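Per-entry structural report
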Amino acid sequence: MLSPFDDYPIHASADPVTHPASSDPNHYDRYWFNGHQRDCELYFGASMGHYPVRNIVDAAFSVVWDGIEHSIFVSGAMPKDRATRVGPIRIEVIEPMRTIRYIVEPNEHRIACELTFSATTVAVEEPRQRRLSEVGVVLTDHTRMTQWGTWEGVISVDGQDLSVRSEQVPGARDRSWGVRPVGEQLSTLQQPIIPNVFWLWAPLHFDDRFTHLALHENPDGSRWLESALILDPLRGETAPWDKVGVRECQNLRYQLNWAPGRREITRADIWFDDPADGEVHIELTKAFTFRMRGIGYWHPYWAHGSMHGQLETGRDSIRLDDFDPRDFSSVHVQNVVTAKMGKHKGIGVLEQLHLGPHAPSGLTGFLDGYQPWTQRT
């Protein structure tokens, strides 16, 4: 089936662009964004995903304002031309990897925004994430592109407007695509797989540089993915897809101070070795926690790729203190953090997703919260 994209020289095979490489219903292609005010009074997250085999497109926008996580969700039939629009939400790529606009038009749920992301770094390709089940079935196989930037625009909730200024609100975005469990899973006779995940991800903004870490660990603490980076600001003459001004660092270490009874931090320390400056130590202090269900991650109703017919919209407004941190839908989080790296001060997020046991952290069971050693028997 042809689409407008077939008029561009972007084909990776003899098939039209709309033909997915896999008929796996877990095939997806997603935008994700966040923004956070430097005084930690504001956080917002945004997403949009296409699921070609399921013929679904969904999107969500969520803002933490006065201690409440407000979210709008939209899901519908995926347009054949892969338009980045569903219901009142749309994404406009003004200039690839430089300027992106995220818009939630006025709607009956009274959450709206018009926000423009301007890149402050090049985009980086993270290590590919590919995992197989014990019988060789692909569980996840995806690529993520991450980029730092600033935001400008306005957010409106229940008739109140909040101005967003680039000098006050940095943020990050990613694009990921491939195969990842989304929507209702197929029934099979294979033994059920209990997920085991230990994931840390932290894009941070400092005054004249940016840092990044990403890691996946097994239950025994061994790693199957890690990345630590220092990035310089994007220069005007640099193509944002070129790997310029990016230093790959080694020997990534961390120490997490856990909130008792939860699978999330109160503070954290990160170390890695920079080939230019030697050992780097970053101290992170949490301001508050954003629950990723607010933009569809494992939401009990609005989960990514779930079926909602031709078009459906909805809203949540939940106080941060009212979330149950041990509920499956609330365990995937982004902690808004202030950061200190020597003389440099910064802001960003530390994303956490921890399912199942993790021996180095003392986590046991599937969702059991952290318990101090003195309380373990």
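See the structure above.
Residues numbered from 1 in each chain as written. Predicted model: local features only at pLDDT ≥ 70, side-chain atom pairs only at ≥ 80, totals over all residues. Heavy atoms only, no water.

1. Section: the packing of aromatic side chains
- Under the criterion given, the structure shown has 15 aromatic pairs.
- With a centroid separation of 5.6 Å and 5° between ring planes, the pair formed by Phe73 and Trp302 is classed as stacked. Taken together, the positions of Phe73 in strand β4 (residues 68-77) and Trp302 in the loop between β20 (278-291) and β21 (311-319) put the pair 229 residues apart, joining distant regions of the chain.
- Classification of Trp302 as buried rests on a relative accessible area of 9%.
- Here the aromatic rings of Phe117 and Trp151 are separated by 5.3 Å at their centres, their planes lie at 65°, and the arrangement is edge-to-face. Of this pair, Phe117 sits in strand β8 (residues 111-119) while Trp151 sits in strand β11 (residues 138-157), and the two are 34 residues apart along the sequence. Residues Phe117 and Trp151 agree in their burial class; the two are buried.
- A network of ring pairs unites the aromatic residues Tyr31, Phe33, Phe44, Phe61, Tyr102, Phe117 and Trp151 as a single cluster. (Phe/Tyr/Trp six-rings, centres within 6.5 Å; stacked < 30°, edge-to-face > 60°. Helix = DSSP H or I, 4+ residues; strand = E, 2+ residues; numbered from the N terminus. Buried < 20%, exposed > 50% of the residue type's maximum accessible area, 1.4 Å probe, protein only.)

2. Re the sheet that holds strand β15 (residues 210-217)
- Strand order in the open sheet formed by nine strands is β17-β16-β15-β14-β23-β22-β20-β19-β18, with antiparallel pairing between adjacent strands. A single partner strand is all that each edge strand has here, and the edge strands are β17 (246-248) and β18 (250-258). Here the average twist between neighbouring strands, direction ignored, is 20°.
- Here eight bridges tie strand β14 (residues 197-206) to strand β23 (residues 344-355), and the two strands are oriented antiparallel to one another. When the sheet's bridge partners are listed, Trp201 is paired in β23 with Glu351. (Pairing = 2+ DSSP bridges. Axes fitted to C-alpha atoms, helices over the stretch in contact; angles between N-to-C directions.)

3. A look at the pairing of strand β2 (residues 43-51)
- Burial analysis of β2 places nine of its nine residues in the buried class, the great majority of the element.
- Taking every second residue as pointing to the same face, both faces of β2 are buried, with Tyr43, Gly45, Ser47, Gly49 and Tyr51 on one and Phe44, Ala46, Met48 and His50 on the other.
- Hairpin connection of strand β1 (residues 27-36) to β2: six residues between the antiparallel strands, including Cys40 at a positive phi of 65°.
- In terms of strand pairing, β2 meets strand β3 (residues 56-65) through nine bridges, oriented antiparallel. Counted as the bridge partner of His50 is Val57 from β3.
- Counted along the chain from β2 to the antiparallel partner β3, the turn is four residues long, and its residue Asn55 has a positive phi close to 60°.

4. A look at the pairing of strand β19 (residues 265-274)
- Looking at chain direction, β18 and β19 are connected through seven bridges and run antiparallel. Bridge pairing in β19 links Trp258 to Ile265.
- Of the pairings in the sheet, the one linking β19 to β20 comprises eight bridges and is antiparallel in character. Opposite Ile270, over in β20, you have Ile282 as the bridge partner.
- From the end of β19 to the start of β20, which pair antiparallel, there are three residues.

5. Re the environment of Lys345
- Tracing the backbone shows Lys345 in strand β23.
- For Lys345, a relative accessible area of 67% corresponds to the exposed category.
- Along the primary structure Lys345 and Ala83 are separated by 262 residues, whereas in three dimensions their C-alpha atoms are 39 Å apart.
- The contacts of Lys345, once residues within four sequence positions are left out, are His205, Phe206, Asp207 and Ala339. (Contact = heavy atoms within 4.5 Å.)

6. Some remarks on the side chain of Thr116
- Its place among the elements puts Thr116 in strand β8.
- For Thr116, a relative accessible area of 18% corresponds to the buried category.
- Reaching out from Thr116, the side chain makes a polar contact with the side chain of Arg101 at a distance of 3.3 Å.
- Look past the residues within four positions of Thr116 in its chain and what remains in contact with it is Thr99, Ile100, Arg101, Thr150, Trp151 and Glu152. (Polar contact = N/O pair within 3.5 Å; in protein donor to acceptor, adjacent residues only side chain to side chain.)

7. Details of the nonpolar core
- Core analysis: the biggest nonpolar cluster contains 39 residues, and Phe44, Phe61, Tyr102 and Ile155 have the highest contact counts within it.
- Core analysis: the second largest hydrophobic core is formed by 27 residues, Cys40, Val197, Leu225 and Val349 among them. (Core = buried A, V, L, I, M, F, W, Y, C linked by side-chain atoms within 4.5 Å.)

8. Regarding the side chain of Asp274
- Position of Asp274 relative to the elements: it lies in strand β19.
- At a separation of 3.0 Å, a polar atom in the side chain of Asp274 contacts the main-chain amide nitrogen of Ala276.
- Leave out the neighbours within four places in its chain, and Asp274 touches Ile230, Arg247, Cys249 and Val280.

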